[in-house]
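A structural walkthrough
One-letter residues, chain by chain:
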Amino acid sequence: MADSIFVTRSSMPDLQEYVDEIKEIWDSHWLTNMGPKHKRLQSELKEYLGVEQLDMFTNGHMGLELSLQALGLPKGSEVITTPFTFASTTHAIVRNGLTPVFCDIDSSDFTMDTEKIEALVTDRTTAMLPVHVYGNLCNIEEMDRISRKYGLKIIYDAAHSFGEAYKDKGIGGYGDVSCFSFHATKVFHSIEGGAVCFHDDDFGKELYRLKNFGIKNEEIIDGVGANAKLNEFCAAMGICNLRHIEEEILKRKAVVERYRFHLDRIEGLQLNPIQENVKSNYAYFPVVFHEKLFGASRNEVYEALAADGINARKYFYPLTSSFQCFHGKFDTNQTPVAVHISKRVLTLPLYADLALADVDRICDIILGLQR
Ligand code: T4K
């Protein structure tokens, strides 16, 4: 059997490039606490993402969790969000003492269905936390309209949408806050890491305080903060990876096009939509298997691929609203489309160095199951 293929594989710069980058860290002994590499990456990211304000974190989750805290939303207030996401999104809400209210998703792009949001708004709703899931962008104009109409904050979980743009504007510039993940599995990574983009200076100050123990200066600690600082070695990895990001995205595009060549227009297979006015980053390649039309179920495809050493993943199954830790708290009948999709979706391997011959092999296995 050929070597195993995982759902993704971290991109690495040349070892020497990273060694050159960390040499200064070695020489200076400055390892963390917003050092020179942190400052440089922060400024390069602002430019690349086209945003004016950006802070960086140990990981995407802490960026999201502390952003919700920095907004100062009243405890117990309601945040309208999607259950079709990674654990982080929902956990960030709950860990802040806020109540997630789950909105169903759009069956074509899997993002929060903006037509179903307004029915969920109550006098306790304070914010919306939509996800640009798989890099598919939410309906930004509708989100803006709803946020203005009801006075709700928008915090985008942009973990999957690094480098994307809508109508030529970097995606980090939309909403009140956008949170990126720089985890090893992402299009752009700093081993672990994350960034938050925002517009409001006071929010930025509060966010900074929360990521550094509430320290104002050596003698004044005027907030009860956490520790969520990105260290210098992670920042150095980010600096190296940012140099190659456009090339990375192009390689991913070639992989996605190969998948589409084989799987587009196959009855019973649903792929990501190609969204208008969007610069894509080709983050994930989910396929929804409609068993009655295709002839095989998602689980059968998962098993057939696994038998050949190919580790596709059921992102995002189960829905966060049905996690054991929330047992009895949420009713998944309220989000039937999300339930339907999560039982049928499989995310196929996608990374910059995935060989096109491997894509062909993966598609052969899948199409071999068509009945
Ligand atoms: N919001 C959303 C919507 C998210 O999807 C995420 C993270 C977050 C927020 C939070 O961001 P972070 O706090 O993580 O920055 C993975 C990632 O750990 C997670 O970052 C990501 N979403 C989620 C969708 O996927 P797992 O548990 O599936 O990862 P794991 O360890 O099974 O890795 C998947 C594959 O990646 C492996 O089979 C091989 C490859 N891999 C993995 C690691 C750890 C590598 O090539 N190198 C590596 O170092 O969660």
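Residues numbered from 1 in each chain as written. Predicted model: local features only at pLDDT ≥ 70, side-chain atom pairs only at ≥ 80, totals over all residues. Heavy atoms only, no water.

**Section: empty space enclosed by the protein**
Following the criterion strictly, the structure yields 1 cavity of 30 Å³ or more and no others. If you add up the space inside the largest cavity, you get close to 40 Å³. Taken together, Thr 8, Arg 9, Ser 10, Ser 11, Ala 184, Thr 185, Lys 186, Val 187, Glu 248, Arg 252 and Tyr 351 make up the lining of the largest cavity. Looking at the lining of the largest cavity residue by residue, the classes come out as 3 nonpolar, 4 polar and 4 charged. Taken domain by domain, the makeup of the lining of the largest cavity includes at least three residues from each of domain 1 (15-243) and domain 2 (245-367). (1 Å grid on protein atoms, 1.4 Å probe; cavity = no way out; pocket = protein on both sides within 12 Å on 5 of 7 lines; lining within 4 Å. Points joined across faces, edges and corners; volume = space filled by probe spheres on them. Nonpolar A, V, L, I, M, F, W, Y, C, P; charged D, E, K, R; others polar. Domains from an automatic or database assignment.)

**Some thoughts on the sheet that holds strand 7 (residues 165-166)**
What the 3 strands build is an open sheet, ordered 8-7-12; its pairing is antiparallel. Each edge of the open sheet carries a strand with a single partner, namely strand 8 (169-170) and strand 12 (278-279). Where strand 7 and strand 8 come together, 2 bridges link them in antiparallel fashion. Bridge pairing in strand 8 links Tyr 166 to Lys 169. (Pairing = 2+ DSSP bridges. Helix = DSSP H or I, 4+ residues; strand = E, 2+ residues; numbered from the N terminus.)

**Structural notes on unusual backbone geometry**
The linkage connecting Tyr 315 with the following residue, Phe 316, adopts the cis geometry, with an omega of 5 degrees. Secondary-structure assignment places Phe 316 in the loop between strand 14 (310-311) and helix 11 (336-342). For the bond from Tyr 317 to Pro 318, the omega torsion is 0 degrees, close enough to zero to count as cis. Topologically, Pro 318 is positioned in the loop between strand 14 and helix 11. Of note in the backbone geometry, Tyr 134 takes a positive phi value of approximately 60 degrees without being a glycine. Mapped onto the fold, Tyr 134 is located in the loop between strand 5 (125-129) and helix 5 (140-150). Relative accessible area serves as the criterion here: at 2%, Tyr 134 is assigned to the buried category. Despite not being glycine, Asn 277 has its phi angle at roughly 65 degrees, a positive value. Tracing the backbone shows Asn 277 in the loop between strand 11 (269-271) and strand 12. Residue Asn 277 is classed as partly exposed on the basis of its relative accessible area of 45%. (Buried < 20%, exposed > 50% of the residue type's maximum accessible area, 1.4 Å probe, protein only.)

**Considering the site of the ligand**
The ligand sits among 25 residues. The nearest are Asp 157, His 160, Ser 181, Arg 313 and Tyr 315. Gly 60 places a polar main-chain atom, nitrogen or oxygen, 2.9 Å from an oxygen atom of the ligand. Here an oxygen atom of the ligand and a side-chain polar atom of His 183 are 3.3 Å apart. Out of a free accessible area of 930 Å², the ligand has 75% covered by protein chains. Of all the cavities here, the one that holds the ligand is the largest pocket. (Near = heavy atom within 4 Å. Polar contact = N/O pair within 3.5 Å; in protein donor to acceptor, adjacent residues only side chain to side chain. Areas by Shrake-Rupley, 256 points an atom, 1.4 Å probe, with all protein chains shown as cover. Sits in = over half its atoms within 2 Å of the grid points.)

**Topic: the domain arrangement of the protein chain**
Domain annotation for the protein chain reports domain 1 (15-243) and domain 2 (245-367). Centre-to-centre, using C-alpha coordinates, domain 1 lies 24 Å away from domain 2. Across the contact, 40 residues belong to domain 1 and 36 residues belong to domain 2. Buried surface at the junction of domain 1 and domain 2, summed over both partners, amounts to about 3100 Å²; 63% is from carbon and sulfur atoms. Counting the contacts that link domain 1 with domain 2 gives 0 salt bridges. At the boundary of domain 1 with domain 2, the tally comes to 17 residue pairs in polar contact (both at pLDDT 80 or more). Every element with two or more residues in the side of domain 1 that touches domain 2 is listed here: helix 4 (87-94), strand 4 (99-102), strand 7 and helix 7 (232-243). With 4 residues, the top contributor of residues to the side of domain 1 that touches domain 2 is helix 4. Grouping the amino acids of the side of domain 1 that touches domain 2 by side-chain chemistry returns 20 nonpolar, 12 polar and 8 charged. (Contact = heavy atoms within 4.5 Å. Buried area = accessible area lost by both parts, 1.4 Å probe. Salt bridge = Lys/Arg side-chain N within 4 Å of Asp/Glu carboxyl O.)

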